[in-house]
Amino acid sequence: MNLKKIQSLAISGDDFSSYEGDPGVMYTGYNDDMVDFGGDGNNSHFGAEIISQRRFTVTLVNTFTSVKQALLSPSYSPSLPAGNAGGAPIADGAIVTVGADTLTASGSPKTIAELLKFIERNPARLIGMKITSNATDQLAQQVVVQRKSPFATLQDEFIDLASYTREEANNDKMVTVRGLNYQFDDQTEIRFPVAAGAAGTPTRTTITLYFGAVLNPASALNKKSAKAGNNPAVAQVRAAVASAQ
């Protein structure tokens, strides 16, 4: 099934309207006030995340001649705190500095600080990534996903970038990772290894993060207020208050 067909199914929503069975299985996220899909109508469900326009780009430049770790999602307890020589949470500017060497990060379309602040309050599903780099070794790295809990040590999961490459692909410095099922939130750490640079030639790696559903209380309050406004009693009181001003 190609991407065009998947998008068509997501937009039409046909495969979600006729299913009969366990009510728990029937949940798609459609019309759930707490979940913000950034779409309208039948586009607003978990099956339509693939057509979400939520993208954020992180660019990492490594002048070290060794691999450094960048925590894309730091979690409430980063394994590599700021200032660590082996790696650190992403931030705007230099995140690792030793002598003249640095690992720097920048974000687009907004700052990294804005992304991380948003994620702290609004967990977002990571459904895909595109990685481009001037270093072939970058695609040989493994991204580590570690879920955090104060009650137990949970098993790491790995995103093997090389497994998403194809032999017939002409570009050995770019890979697109689809079908991910992770989250950017305060309980998930995502460690991205940045390939080593060479003397005088830093590695430059750009990661485009594709986000789907967002658990958004602020958006939910707006939706609930709008629904309540359809109730005659609420509408009457609002009208009376507005006219009294």
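In what follows, the structure referred to is the one given above.
Let us look at the structure shown here.

Cut-off values and rules
Residues numbered from 1 in each chain as written. Predicted model: local features only at pLDDT ≥ 70, side-chain atom pairs only at ≥ 80, totals over all residues. Heavy atoms only, no water. Pairing = 2+ DSSP bridges. Helix = DSSP H or I, 4+ residues; strand = E, 2+ residues; numbered from the N terminus. Axes fitted to C-alpha atoms, helices over the stretch in contact; angles between N-to-C directions. Phe/Tyr/Trp six-rings, centres within 6.5 Å; stacked < 30°, edge-to-face > 60°. Buried < 20%, exposed > 50% of the residue type's maximum accessible area, 1.4 Å probe, protein only. Core = buried A, V, L, I, M, F, W, Y, C linked by side-chain atoms within 4.5 Å. Contact = heavy atoms within 4.5 Å.

**Structural notes on the sheet that holds strand S4 (residues 87-89)**
Turning to step 1, where the next piece is worked out: Read from one edge to the other, the open sheet built from 5 strands follows the order S4-S3-S11-S8-S9, with strand pairing classed as mixed. Of all strands in the sheet, those bounded by a partner on one side alone are S4 and strand S9 (157-160). When the angles between neighbouring strand axes are averaged without regard to direction, this sheet yields 20 degrees.
Turning to step 2, where the next piece is worked out: Bridge count between strand S3 (residues 68-73) and strand S11 (residues 188-194): 5 bridges; the pairing is antiparallel. For Ser73, the partnering residue across the bridge sits in S11 and is Ile190.

**So, the packing of aromatic side chains**
Turning to step 1, where the next piece is worked out: Throughout the structure, instances matching the rule amount to 3 aromatic pairs.
Turning to step 2, where the next piece is worked out: Arranged with centres 5.0 Å apart and planes meeting at 85 degrees, the rings of Phe37 and Phe46 form a pair that is edge-to-face.
Turning to step 3, where the next piece is worked out: In this structure Phe46 comes out as partly exposed when scored by relative accessible area, which is 30%.
Turning to step 4, where the next piece is worked out: Ring plane angle 85 degrees and centroid distance 5.1 Å describe the contact between Phe184 and Phe211, whose orientation is recorded as edge-to-face.

**Thoughts on unusual backbone geometry**
Turning to step 1, where the next piece is worked out: Here the residue pair Ser108 and Pro109 is connected by a cis peptide bond, since its omega of 15 degrees sits within 30 degrees of zero.
Turning to step 2, where the next piece is worked out: The residue Pro109 is located in the loop between strand S6 (101-108) and helix H4 (112-121) in this model.
Turning to step 3, where the next piece is worked out: Even without being glycine, Asn31 reaches a positive phi, approximately 70 degrees.
Turning to step 4, where the next piece is worked out: Along the chain, Asn31 falls in the loop between helix H3 (23-26) and strand S1 (35-36).
Turning to step 5, where the next piece is worked out: Positive phi is not limited to glycine here, since Ser75 has a value of about 75 degrees.
Turning to step 6, where the next piece is worked out: Tracing the backbone through its elements, the reader meets Ser75 in the loop between S3 and S4.
Turning to step 7, where the next piece is worked out: Overall, Ser75 belongs to the buried group, its relative accessible area being 13%.

**Here we look at the nonpolar core**
Turning to step 1, where the next piece is worked out: Ranked by internal contacts, the top residues of the largest apolar core, which has 37 residues, are Leu60, Met129, Ile131, Ile159, Phe192 and Leu209.
Turning to step 2, where the next piece is worked out: With 5 residues, strand S10 (residues 174-184) is the largest single contributor of residues to this core.
Turning to step 3, where the next piece is worked out: Among residues more than four places away in sequence, those in contact with Met129 are Val143, Ile159, Val175, Thr176, Val177, Leu180, Ile207, Thr208, Leu209 and Tyr210.

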